[in-house]
Amino acid sequence: MPALGLVGWARWIWRQLTSMKTALWLLVLLAIAAVPGSLVPQRTADPNGVLQYFKNNPDGARVLDSLQAFDVYTSVWFSAIYLLLFISLVGCVIPRTRHHWIALRAAPPLTPRRLSRMPVHEAHEVDVQDSGPVRAELVEEGMRLLRRSRYRVVTYPEPGDPTGASQSVSAERGYLRETGNLLFHVALVGILATIAIGGGYGYIGQRVVVEGQTFVNTRAAYDSFTPGRFFDNSMLDPYSLTLEKFSVQYEVQNPKALGMATDYTARVSVRDQGSSQGHTSSIKVNEPLSVGGTEVYLLGNGYAPEITVKDPTGKVVFSDTIPFLPQDANLTSLGVVKVPDGLKSQVGMIGFFYPTQAVAANGAFYSAYPDLVTPLVTFNVYTGDLGLDSGAPKSVYTLDTSSMTQVTGRGTGIDSLQLTPGQTVQLPNGLGSVELTGIKRFASFQVAHDPTQGFVFGFAIVILVGLALALFVPRRRLWVRINTSKTGRLVLEYAGLARGDDPGLAAAVTDLAQRHRSRFTNRD
Amino acid sequence: MNAHARLWSALAVFSTGLIVLSGCVGGSGDDLTKVRPSYSTVGPVTEIARADRANPVQFSGTLDNGETASSTDWAGKVLVVNFWYAGCAPCRAEAPDLEAVYSEFKDQGVMFVGVNVRDQAGTAQSFAATFGITYPSFLDANVGSIQLAFAGTVAPNVVPTTVVLDREGRVASRIVGQLESRSILQTLLRDTLAESP
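These numbers come from a predicted model, not from an experiment. (Residues numbered from 1 in each chain as written. Chains lettered and ligands numbered in written order. Predicted model: local features only at pLDDT ≥ 70, side-chain atom pairs only at ≥ 80, totals over all residues. Heavy atoms only, no water.)

Draft legend 1. Focus on the domain arrangement of chain A. Residues and elements named next belong to chain A. On domain assignment, one finds that chain A holds domain 1 (6-102), domain 2 (107-174 + 474-523), domain 3 (175-190 + 452-472) and domain 4 (203-449). Here domain 1 and domain 3 have C-alpha centroids that lie 21 Å from each other. Contact with domain 1, which involves 9 residues of that partner, is made by 9 residues of domain 3. When the two sides are added together, the surface that domain 1 and domain 3 hide from each other amounts to roughly 870 Å², 76% of it contributed by carbon and sulfur. Area buried by domain 1 at its contact with domain 3 is led by Leu89, Arg96 and His100, which between them contribute 57% of it. In this assembly, domain 1 and domain 3 are joined by 1 salt bridge. The salt bridge involving Arg96 is made with Glu178; its shortest N-O contact spans 3.1 Å. On inspection of domain 1 and its partner domain 3, the count reaches 2 residue pairs in polar contact (both at pLDDT 80 or more). Elements with a contribution of two residues or more to the side of domain 1 that touches domain 3: helix H2 (20-34) and helix H6 (76-105). (Domains from an automatic or database assignment. Contact = heavy atoms within 4.5 Å. Buried area = accessible area lost by both parts, 1.4 Å probe. Salt bridge = Lys/Arg side-chain N within 4 Å of Asp/Glu carboxyl O. Polar contact = N/O pair within 3.5 Å; in protein donor to acceptor, adjacent residues only side chain to side chain. Helix = DSSP H or I, 4+ residues; strand = E, 2+ residues; numbered from the N terminus.)

Below, the structure is given as structure tokens:
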């Protein structure tokens, strides 16, 4: 084995990389590599799911995170496969296109010396004496038949005849097969490029909206937002979406699935900039709403108790509907209320909400059913510094109690506050009062803008067309030769050669042979 | 993540190279500077030259005191619109500065108005009481019409965002994020007031 130099190795690697086999393997590998993305929550699509994963399984999550399993589609290994596939395809398509371009303009190949060696071959002796005019006529007839079957046709002088008068017919068809093949690959490259580049102009954002409240498509309004690389805030289409009503239907017939939600519907009102009236629409799970170049998906939902806090004089100092995040299937929910202003000290409350409150044997509360049957909110109250006045942003879903004092709940000697709808209870230390004014529902929406959709759809169609051409257009060569037998009669020879898989080749040769000598056979 | 970022920046450099190269062929290397000659963005502050301002922003809604108000109520004044909510820490940090600039300029044809994007009346009024805010705020959490009116090119992209409208109601400048010092807003207001009516 001769030693390969550096250039030799580079050339060998390049040839391996750009071979069709490697491209196919990379494609399969890409599909496999995408699988973890649907098994493990992804930071871009489900940031809370990732946090939850870390909470439930911190060790496993750390291992997965080091493997970038929470960012599969932007991970080093996924990108490596992606880029290699890209290079492989481009490196394969360019030389093949050049090759095909030359082949498209080249004449069909010289008639082989021995047609009997071709995979399909027929020879027929006919009862006609050889003569120059008959030969010319037969060549003409062969060319006509082949042309009509959309072959590219040429004649070549027979090597055995020094006068050059006798000729053979060489024909080729099915150039579209390779064209289709190339189209397929180019469109595949197109899809990869569209996703890699076009994805950079997209964005995904999440926002929790309580019934009766409105989300406006500006960057500030999102709870979380993942922009593409080339995204700019001014790309957000201005529209507003008001959650009018969120309805849930529960299974009430089947005792085994009692309380399972069977349908979620968010009735929304959408308004464009400049129009005073909105139009109503509905969003369901897997039935997103298309608005302003975005798709709005329904992600999750829960309860948002309406809390009113008054100071000791009875003046309302705080009123809000607070989304409580569901913790279990019966929607036991956890929420945080922050009252920064209006009381003699800042108040924070960590609350549990039970839509159908029940008491376990050990005295703990739990929710027995997800719908509102006997709703109850309990609060542990903290006073002190909410940490909002240092200027550093804080999550609305967590309460930093490091500078606060717990004044109700376990260890304080004062029971947690318990509130049913319409009920008011006093805060400790004469701070004021808290009322559970009502209970609303919230929906969390995912707003996604994907400018690649149209392009991907277009390329997918091209892929299918290219694949169909590459699979179903046979590429074959046919030849017709006129020989003389020992008795001076004509022997007509036909042969065919397929390039690639072609089950119709034998039939095509037989058909040509029959039609070409039909005037002799008819005479018989 | 880092390696990935590096990979992409390599690609970005490569494609930028391509764009630059193709730009050389056309001989129009100055195009980038011609795109937005009048939008000068220094840090979080965007100023828009008079000739390039978009149409006047028109809006109306309900204030925290229960009254309704509309942009036309302040026609002819320079209007400062501040997007905020009570639980927003940077909003709390900048509130005293906003009030100070307001009391300095309110007699010079300047009006301030807040747009509360998350709270209801009680919460908003308690905030105003804490910081001694004397200008009104729209309650926009339920309706969203004022955020919608400002959405688009020079949108309030974070909370807080402070927008200065000129006498004709067009966006003249925008401060994204917490007001870092009073002097920034003071300068913007002086510039806008200096424009001949």
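So, next bit.
Draft legend 2. Seen up close, the packing of helix H7 (residues 132-148) of chain A against helix H10 (residues 505-516) of chain A. Residues and elements named next belong to chain A. At a minimum axis separation of 10 Å, H7 and H10 run at an interaxial angle of 135 degrees. With respect to H10, the element H7 is oriented oblique. Relative to H10, the crossing made by H7 is right-handed. Packed against H7, whose contacting residues are Leu138, Glu141, Gly142, Leu145, Leu146 and Arg148, the element H10 presents Leu512, Arg515 and His516 at the interface. Split into classes, the residues belonging to the contact of H7 with H10 amount to 4 nonpolar, 2 polar and 3 charged. (Axes fitted to C-alpha atoms, helices over the stretch in contact; angles between N-to-C directions. Parallel < 35°, antiparallel > 145°, perpendicular 65-115°, else oblique. Left-handed = near helix turned anticlockwise from the far one by under 90°. Nonpolar A, V, L, I, M, F, W, Y, C, P; charged D, E, K, R; others polar.)

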